[in-house]
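Chain and residue survey
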Amino acid sequence: MGIKDKALAFSRKFKLDSHHAIERFGVFFGIFAVTGAIVISASGASAYQAGRDSLSQTALYTSDFKTSKTNLDGTVDGVYTNESGNKALVMMHFSPTAQISYNAADYRAFLLGSDTSLNSEPVSTSGIKGSFYAFGSTGYVGVLLSADRPFDRQVLNLTVRANAELTTPGAEQAHSSGKLAGDETFSKYDQWRVFFNPGASGVQKIAALDALTFDPAQAYYEVALKEMEAEAKDALDQKLVEMRTNLTQIQSYTSDLQTTKIDGLFLRPPTVPVSIATDKITGVSAAAAKDGVSTLALQTKHVVPGGFDLNWRAGNVYDGYLDALVPAGQSYAQFFTKKRDEGSDPTSQQISDMQWILSDGTSLTKDYQSSDVTMRPLMNIMNNLSQAYQNYSRNKSQYESDLSLDLLRLDASLRDVQSNSTVRDDKEFLTTLH
């Protein structure tokens, strides 16, 4: 029996031929219904699994917020936990110039649970206690939660209320903020809302939460400063690479002075400003080091006015740099003020005033015209060497002043947190819906 005959026999047996149209419709309808049910079930299972995966992995659902009445913009830095998973810190910050209260006593919070669609439900983790930290005058604030056991994998809805309004709200802003929040309290009080999941696998762990006593400065360093410190150190290291290149160029162009001659005349090496004359860059760059760790360092006898003799590789911001720099009996604020008043670096002008004397005692800049074609080779060497000195001087000034100051400002910021942080940890601070 051929394939065609077999197909006809199959059709007659299951009443799918032209004489059984109704039966054929029923069979096909059943097939489509079953197929549809399978597809829908598979889609539902996929969506359910996607929701479970999101709940399992996603730690933070809110990246920024706006206060409901004063309309201030804020950023959520992240949610952090300890190794045991029963402590969680939600770190947030406003602009340092934002008019917020730096007193933790001016805040309270409310905690609800949420499903993956951010609809409210009871909190499943038991025994949660909360405290609020204002990290000095940095604009950073945080809510620290601790539980009897590791946090469940559940989205939590945290509302923080500021009892003190330091910015005058506009009626239109307050009305719209409350409406968007979906809660009438947002138009009555100045507050904001954050969604996070401290039980997620994607949550970041920090050492500050494993300490017996929570240290706001350590948490601030780990969350806010450590990355900025790495960027500041990288900028310093890259500047050393540039400075080393400048010194290599200076050495090369200085050698050219002895080999480039016009009718026996050559340029004598100029008198270099004492502030850079003996400078060296020692060590190797990260690209050249076998372990990929840079050891470049500036060796100089002169620090630019307003600059800092900072051995930044030997320490970190958390341990502090200022103690080694600030003279005894002087505050770091006074130290920064005195540095600011030291004036500008004269090296650039001194390089411009360097004398370029030829081997016969004449001056290349005074006794010859820049348009003199015969002297052009010597003019080129002079310009190249002068520019290399200028480039080095500019980079050294940036390295010792601006870039070093960027790192020291982080140290000063940490000291602000150490001296001026406030905390509210009474029972009335946090209200939890179980």
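Residues numbered from 1 in each chain as written. Predicted model: local features only at pLDDT ≥ 70, side-chain atom pairs only at ≥ 80, totals over all residues. Heavy atoms only, no water.

With respect to the overall build of the chain
Counting secondary structure elements, the chain contains nine helices and 14 strands. A burial count over the chain gives 41% of its 434 residues as buried. Looking at the chain alone, contacts between residues at least 24 apart form 74% of all its contacts between residues at least 6 apart. Of the roughly 23,300 Å² of accessible surface on the chain, 52% is carried by carbon and sulfur atoms. (Helix = DSSP H or I, 4+ residues; strand = E, 2+ residues; numbered from the N terminus. Buried < 20%, exposed > 50% of the residue type's maximum accessible area, 1.4 Å probe, protein only. Contact = heavy atoms within 4.5 Å. Areas by Shrake-Rupley, 256 points an atom, 1.4 Å probe, with all protein chains shown as cover.)

Points about the packing of aromatic side chains
Per the counting criterion, the structure on display carries 15 aromatic pairs. When the centroid spacing of 6.3 Å and the interplanar angle of 25 degrees are considered together, the rings of Phe135 and Tyr220 count as stacked. Within this pair, whereas Phe135 is found in the loop between strand S6 (129–134) and strand S7 (140–146), its partner Tyr220 is found in helix H5 (residues 216–259), the two being separated by 85 residues in sequence. No difference in accessibility class separates Phe135 from Tyr220, as the two residues are buried. (Phe/Tyr/Trp six-rings, centres within 6.5 Å; stacked < 30°, edge-to-face > 60°.)

Things to note about the packing of H5 against helix H9 (residues 376–420)
It is at 9 Å that the axes of H5 and H9 come closest, and there the two elements cross at 165 degrees. With respect to H9, the axis of H5 lies roughly antiparallel. At the point where H5 passes H9, the crossing takes the left-handed sense. (Axes fitted to C-alpha atoms, helices over the stretch in contact; angles between N-to-C directions. Parallel < 35°, antiparallel > 145°, perpendicular 65-115°, else oblique. Left-handed = near helix turned anticlockwise from the far one by under 90°.)

Brief notes about the pattern of salt bridges
Scanning the model with the defined rule gives 13 salt bridges in all. Asp237 is the salt-bridge partner of Arg313, the closest N and O atoms lying 2.2 Å from each other. You can see Arg313 sitting in the loop between strand S12 (297–299) and helix H6 (322–325) and its partner Asp237 sitting in helix H5, a full 76 residues away along the chain. Among the residues examined, Arg313 registers a relative accessible area of 32% and is labelled partly exposed. Across the pair Arg409 and Asp406 runs a salt bridge whose closest N-O atoms are separated by 3.3 Å. Highlighted residues: Arg409 and Asp406, both in helix H9, separated by three residues, approximately one helical turn. (Salt bridge = Lys/Arg side-chain N within 4 Å of Asp/Glu carboxyl O.)

Focus: the pairing of strand S4 (residues 107–114)
When you tally the buried positions in S4, you get six out of eight residues, the bulk of the element. The pairing of S4 with strand S8 (residues 155–162) spans eight bridges and is antiparallel. Across the sheet, residue Tyr107 finds its bridge partner in S8, namely Ala162. As paired strands, S4 and strand S14 (residues 430–432) are joined by three bridges and run parallel to one another. If you follow Ala109 over to S14, its bridge partner there is Leu430. Sheet topology places S4 next to strand S5 (residues 120–121); two bridges connect them, and they run antiparallel. Its bridge partner lying in S5, Ser114 is registered against Ser120. Counted along the chain from S4 to the antiparallel partner S5, the turn is five residues long, and its residue Leu118 has a positive phi close to 65 degrees. (Pairing = 2+ DSSP bridges.)

Focus: the side chain of Thr70
Mapped onto the elements, Thr70 comes out in the loop between strand S1 (64–66) and strand S2 (73–81). For Thr70, a relative accessible area of 8% gives the class buried. At 2.8 Å, the side chain of Thr70 and the side chain of Thr67 are in polar contact. Side-chain polar atoms of Thr70 contact the side chain of Asp190, separated by 2.7 Å. (Polar contact = N/O pair within 3.5 Å; in protein donor to acceptor, adjacent residues only side chain to side chain.)

Let's talk about the pairing of S6
For S6, a buried count of five out of six residues is recorded, marking the element as mostly surrounded by other parts of the structure. Taken together, the six bridges between S6 and S7 define a ladder with antiparallel strand orientation. Paired with Tyr133 across the bridge in S7 is Gly142. What sits between S6 and S7 in their antiparallel hairpin is a turn of five residues, with Gly136 showing a positive phi close to 60 degrees. Looking at chain direction, S6 and strand S13 (residues 422–424) are connected through three bridges and run antiparallel. Note on S13: the bridge partner recorded for Phe132 is Arg424.

Topic: H9
Helix length check: H9, at 45 residues, gives a terminal C-alpha distance of 64 Å against a target of 66 Å (1.5 Å per residue), a fit within 8%. At Tyr399, H9 shows its largest kink, close to 35 degrees. (Expected span 1.5 Å × (residues − 1). Bend = angle between axes of the 7 residues up to and from the residue.)

Observations concerning helix H7 (residues 332–340)
Every buried residue belonging to H7 is among Phe335, Phe336 and Lys339, and all of these are buried. The buried side chains of H7 occupy one side of the element, clustering within an arc of 95 degrees when seen end-on. Counted as exposed and oriented over 90 degrees from the buried face of H7: Lys338 and Arg340. The elements touched by buried residues of H7 are H6 and H9. (Arc of directions from axis to C-beta.)

Describing the environment of Asp411
One can find Asp411 in helix H9. Taking the C-alpha atoms as reference points, Asp411 and Tyr318, separated by 93 residues in sequence, lie 7.2 Å from one another. Residues within four places of Asp411 in sequence aside, it is in contact with Val317, Gly320, Tyr321 and Leu322.

Purely geometric numbers; function is a separate question.
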